[in-house]
Amino acid sequence: MLQINTIMTFAAVVTFAADPEPVKLFEKPLTKEEAQSVQKAWAEHIGFGVAFENSIGMKLRVIPPGTYRMKSRRVEGNDGGPVEVTLSQAFLIGQFEVTQAEWERVMGPNENKLDAGAGDQFPVYRVNHAEAGEFCRKLTQLEREAGKLPDGYEYRLPTAAEWGFACRAGTLTRTPFGEKMPSRLANYDGTRPEKGTEKGPNLGKTAEVGSYPENAWGLHDMLGNVTEWCLDWYHHKVEGGVDPMQLKPSDMKQPGRVIRGGSWQSPGWYCHTSNRYHSKPESRTYIGFRPVLTKVQPDQVVETGKEEENGV
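Being a predicted model, the structure only gives us computed values, none of them experimental.

Calculation criteria
- Residues numbered from 1 in each chain as written.
- Predicted model: local features only at pLDDT ≥ 70, side-chain atom pairs only at ≥ 80, totals over all residues.
- Heavy atoms only, no water.
- Helix = DSSP H or I, 4+ residues; strand = E, 2+ residues; numbered from the N terminus.
- Contact = heavy atoms within 4.5 Å.
- Pairing = 2+ DSSP bridges.
- Polar contact = N/O pair within 3.5 Å; in protein donor to acceptor, adjacent residues only side chain to side chain.
- Axes fitted to C-alpha atoms, helices over the stretch in contact; angles between N-to-C directions.
- Parallel < 35°, antiparallel > 145°, perpendicular 65-115°, else oblique.
- Left-handed = near helix turned anticlockwise from the far one by under 90°.

Q: It is not clear to me how the environment of K280 should be interpreted in this structure. Could you clarify?
A: On the secondary structure map, K280 appears in the loop between β11 (277–279) and β12 (287–288). Residues K280 and V258 lie 22 residues apart in sequence; the distance between their C-alpha atoms is 9.1 Å. Contacts of K280, omitting those with residues within four sequence positions, involve W229, Q254, P255 and G256.

Q: For this particular structure, what's the right way to read the sheet that holds strand β5 (residues 83–87)?
A: Hydrogen bonding along the main chain pairs the strands of a sheet, whether they run parallel or antiparallel. In spatial order, the strands read β1-β4-β5-β9; together these 4 strands make up an open sheet with mixed pairing. Each edge of the sheet is formed by a strand with only one pairing partner; in this case those strands are β1 (23–25) and β9 (241–242). Sheet topology places β1 next to strand β4 (residues 66–70); 3 bridges connect them, and they run parallel. Looking across to β4, one finds that K24 is bridged to T67.

Q: I would appreciate a short explanation of the side chain of Q246 in the present structure.
A: Here Q246 shows up in the loop between β9 and β10 (257–260). A distance of 3.2 Å separates polar atoms of two side chains, one belonging to Q246 and the other to E239. Filtering out sequence-adjacent residues up to four positions away, Q246 remains in contact with D232, W233, H235, K237 and E239.

Q: I would appreciate a short explanation of the sheet that holds strand β2 (residues 51–53) in the present structure.
A: Spatially, β2-β3-β6-β13-β7 is the arrangement adopted by the 5 strands of the open sheet, whose pairing is antiparallel. Every other strand in the sheet has two partners, leaving β2 and β7 (153–156) as the edge strands with one partner each. Neighbour-to-neighbour, the strand axes of this sheet turn through a mean angle of 30°, independent of strand direction. As paired elements, strand β6 (residues 91–94) and strand β13 (residues 292–295) share 2 bridges and run antiparallel to each other. Following the sheet pairing, L92 is matched in β13 by L293.

Q: What is the right way to read the packing of helix α2 (residues 100–107) against helix α3 (residues 129–145) from this model?
A: Relative orientation and spacing of two packed helices are given, respectively, by the angle between their axes and the distance between those axes. At a closest axis distance of 9 Å, the pairing of α2 and α3 adopts a crossing angle of 65°. With respect to their mutual orientation, α2 and α3 come out roughly perpendicular. Remark: the crossing between α2 and α3 carries left-handed chirality. On α3, the residues that touch E102, W103, R105, V106 and M107 of α2 are E131, E134, F135, K138, L139 and L142.

Below you can see the structure in the form of structure tokens.
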């Protein structure tokens, strides 16, 4: 019996994993489960765990890309209302505000008077905008030397749009915890809450990072504790579009950098996800920051802030 051996050849099929769906945050908020699911999908897609710890022990969380309407409350002049903002790529942001211990590991001792809470796990404050930017630059260098920084990534301050999107964590309410946020959920002056919100404690100083609940993406103290520097110069009108950055000073008499989140001193109405204020770049008040870790885009040039050291 004649045996016929049939050789079958198969064409190799090469498939590329499609990008997960970005967040589209408009009329319908994400549930906590939905927010965490898309966060996990994007973390895997860019090759990180949802939580990432760098060589100095700083913890960061992955934030998915997406589109949302960026609002601006209580600003001077006419801000033109909410604008649509698209963040085109996933990034990581500090799970906590930069601590005093992390600051010392990168920058050395903070010689400013820390009169509202001192200790390794307290947030750093009384640092100006240029110093916060320099911390990010030095951290990038340290991480590269330690072999912990993926190719093409760097640390910098978050843009106002990135900060707002990360703070929301898929919500559409005034805070990540709903329209009302009693001071047991964030470190602000609970004796001056938002109208209709119950009065609560007033700690009267900063708290150790992580002392209050996290939002759906695992970020603590986005509202309250210390106000946070953003990368952008403050302009009356909120800039929309794709990956907006305000890198040129406005024509204000005293140009300022965007600050967000409010501090332990702030009343409740100040601590809103959409709130956007400004401070002189050389200011040394109760302002801290948290860095982002992001892939540098070829056409993106981000200033270090060194020119601000003696004021603008």
